[in-house]
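Inside the fold
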Amino acid sequence: DLQRCDLCPDGKYSNPASASCADCDHTAGYVSLAGTDGATICEFCGAGFRANKDAHQCEECDVDTYSVGGSDSCLICPAGTNGVKGSMSCSPCPPGTIPAGDTCQDCGKGKYAEFQATSCSACSGPGEYSDAEGSATCKTSPAGQKPTD
């Protein structure tokens, strides 16, 4: 003797004429938004977001992580790249710079960084120097001259 219909609780949904409430598939990036008792659909968490099953919401990916969407996790940016909060991909730092959180930091004078480097390297070869910040390569001192500090 069913006499009434109850709303589906947070995190669950039901289709018309359904006899039960079902979980949204958070592993595929779907959530039933918190505070929406009686949800009839699951919301998709797109690029730059992950499905948080416990909070029943889409959450932005943190700095230096990314998501292409449809997942319950954000991936860590590969070495030599970085990402801002809510990234759908990670970007390499240009030559002469290295990742520093969600920005790229110039290498100081006397150092250089090649494309996708994770640290600055010292100009230490015979006659090598770098007289500018953000150098991608070291210069070689001309004949009759030597590098100075």
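All figures in this text were calculated on a predicted structure; none of them were measured in a lab.

Here we come to the state of the cysteines. Enumeration over the complete set of coordinates arrives at eight disulfides. Bridging C107 to C120, the disulfide has an S-S length of 2.0 Å. Between C107 and C120, the S-S torsion sits near -90°, and that sign places the bridge as left-handed. With C107 in the loop between β12 (103-106) and β13 (111-112) and C120 in the loop between β13 and β14 (121-122), this residue pair connects regions lying 13 residues apart in the sequence. C107 gets classed as buried once you look at its relative accessible area, which sits at 0%. Relative accessible area serves as the criterion here: at 24%, C120 is assigned to the partly exposed category.

So, on to the pattern of salt bridges. Enumeration according to the criterion identifies four salt bridges in this entry. With a closest N to O distance of 3.0 Å, K139 and D131 form a salt bridge. By relative accessible area, which is 42% here, D131 ends up partly exposed.

Turning our attention to the pairing of β12. Pairing geometry for strand β11 (residues 97-100) and β12, over four bridges, is antiparallel. Following the sheet pairing, P99 is matched in β12 by C104. What sits between β11 and β12 in their antiparallel hairpin is a turn of two residues, with G101 showing a positive phi close to 70°.

Before going further, it helps to examine the pairing of strand β6 (residues 57-60). Pairing geometry for strand β5 (residues 49-52) and β6, over four bridges, is antiparallel. Residue pairing in the sheet places F49 in a bridge with E60 of β6. Hairpin remark: β5 followed by β6, antiparallel, with four residues in the connecting loop; positive phi at H56, about 55°.

This paragraph deals with the side chain of T97. On the secondary structure map, T97 appears in strand β11. Classification of T97 as buried rests on a relative accessible area of 7%. At 2.6 Å, the side chain of T97 forms a polar contact with the backbone oxygen of P94. T97 has contacts with C104, Q105, D106, C107, A113 and A117, leaving out every residue within four places of it along the chain.

Scoring rules and cut-offs
- Residues numbered from 1 in each chain as written.
- Predicted model: local features only at pLDDT ≥ 70, side-chain atom pairs only at ≥ 80, totals over all residues.
- Heavy atoms only, no water.
- Disulfide = S-S within 2.5 Å.
- Helix = DSSP H or I, 4+ residues; strand = E, 2+ residues; numbered from the N terminus.
- Buried < 20%, exposed > 50% of the residue type's maximum accessible area, 1.4 Å probe, protein only.
- Salt bridge = Lys/Arg side-chain N within 4 Å of Asp/Glu carboxyl O.
- Pairing = 2+ DSSP bridges.
- Polar contact = N/O pair within 3.5 Å; in protein donor to acceptor, adjacent residues only side chain to side chain.
- Contact = heavy atoms within 4.5 Å.

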